[in-house]
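One-letter residues, chain by chain:
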Amino acid sequence: GTAGPEQKLTVAGNISACGGLSGTKMPSYFACNVGIGTNRPQKALEISAAGTSGGGVMRLASTGETSSGNVVGEVQFYNSDTTDYTPGVMASVRAVAGPSGGEGHLQFLTDMPSEGTAACVVALQIHSNANVGIGNTAPNQKLTVSGNVSALGSLSAGLGEHFAACNSSYGGFI
């Protein structure tokens, strides 16, 4: 697109790539940051759009049909630190298809079991019906916790609700 290019490849106009497109060793070009909707990205990936149009949105789209339990999209947090010989995905957030394929759940995974493997324990799940499970992937109440709960401060229940608490110091229910 230009008669006197300053680089090995200079394009005047838009670029479209089908397949792969990569760039490395370009410290002077946005400090190796990628911008979508901005020509001055400040982070490794910056997506910008006007707040009046919904702001910057990143969409992870699956193709084809999904069945219940299929992972539709995932954001992984990879630790490449080799000092303890355990590089791998230390945590992730993923969307999982529900029974109808159109509804879904959001899962937060932790616990990288060994070197090179991905986080595998669903620490928290937000179900498509808005129930939340901590240590539980099938919450049947607004909050379902599998395991012990510790609270510092007050604990209250709404009017008309039943509440029972066991005080281990006295061995009885309050």
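Quick caveat, the model's predicted, so the values are computed rather than measured.

Student: Kindly report on the environment of valine 57, identifying the contributing residues and their values.
Tutor: Tracing the sequence through the fold places valine 57 in the loop between strand 2 (45-47) and strand 3 (71-79). Assessed through its relative accessible area of 58%, valine 57 is described here as exposed. Linking valine 57 and isoleucine 47, residues 10 residues apart in sequence, is a C-alpha distance of 6.9 Å.

Student: Lay out the side chain of asparagine 136 with the relevant residues and their values.
Tutor: In this fold, asparagine 136 is placed in the loop between strand 7 (132-134) and strand 8 (143-145). A relative accessible area of 18% places asparagine 136 in the buried class. Polar contacts involving the side chain of asparagine 136 include one to the main-chain amide nitrogen of alanine 138, which spans 2.7 Å. Every residue in contact with asparagine 136, bar those within four places of it in the chain, is listed here: Gln125, Thr144 and Ser146.

Student: Go over a nonpolar patch on the surface, please, and point to the residues and values.
Tutor: On the surface, Val34, Ile36, Leu45, Met58, Leu60, Val75, Phe77 and Met90 cluster together to form a nonpolar patch covering roughly 730 Å² of accessible area. Of all the elements in the fold, those that place two or more residues in the nonpolar patch are strand 1 (34-36) and strand 3. Position of methionine 90 among the secondary structure elements: in strand 4 (residues 88-97). For methionine 90, a relative accessible area of 45% corresponds to the partly exposed category.

Thresholds, definitions, all that
Residues numbered from 1 in each chain as written. Predicted model: local features only at pLDDT ≥ 70, side-chain atom pairs only at ≥ 80, totals over all residues. Heavy atoms only, no water. Helix = DSSP H or I, 4+ residues; strand = E, 2+ residues; numbered from the N terminus. Buried < 20%, exposed > 50% of the residue type's maximum accessible area, 1.4 Å probe, protein only. Polar contact = N/O pair within 3.5 Å; in protein donor to acceptor, adjacent residues only side chain to side chain. Contact = heavy atoms within 4.5 Å. Patch = residues over 30% accessible without salt bridge, like charges linked within 9 Å, V, L, I, M, F, W, Y side chains within 5 Å. Areas by Shrake-Rupley, 256 points an atom, 1.4 Å probe, with all protein chains shown as cover. Salt bridge = Lys/Arg side-chain N within 4 Å of Asp/Glu carboxyl O.

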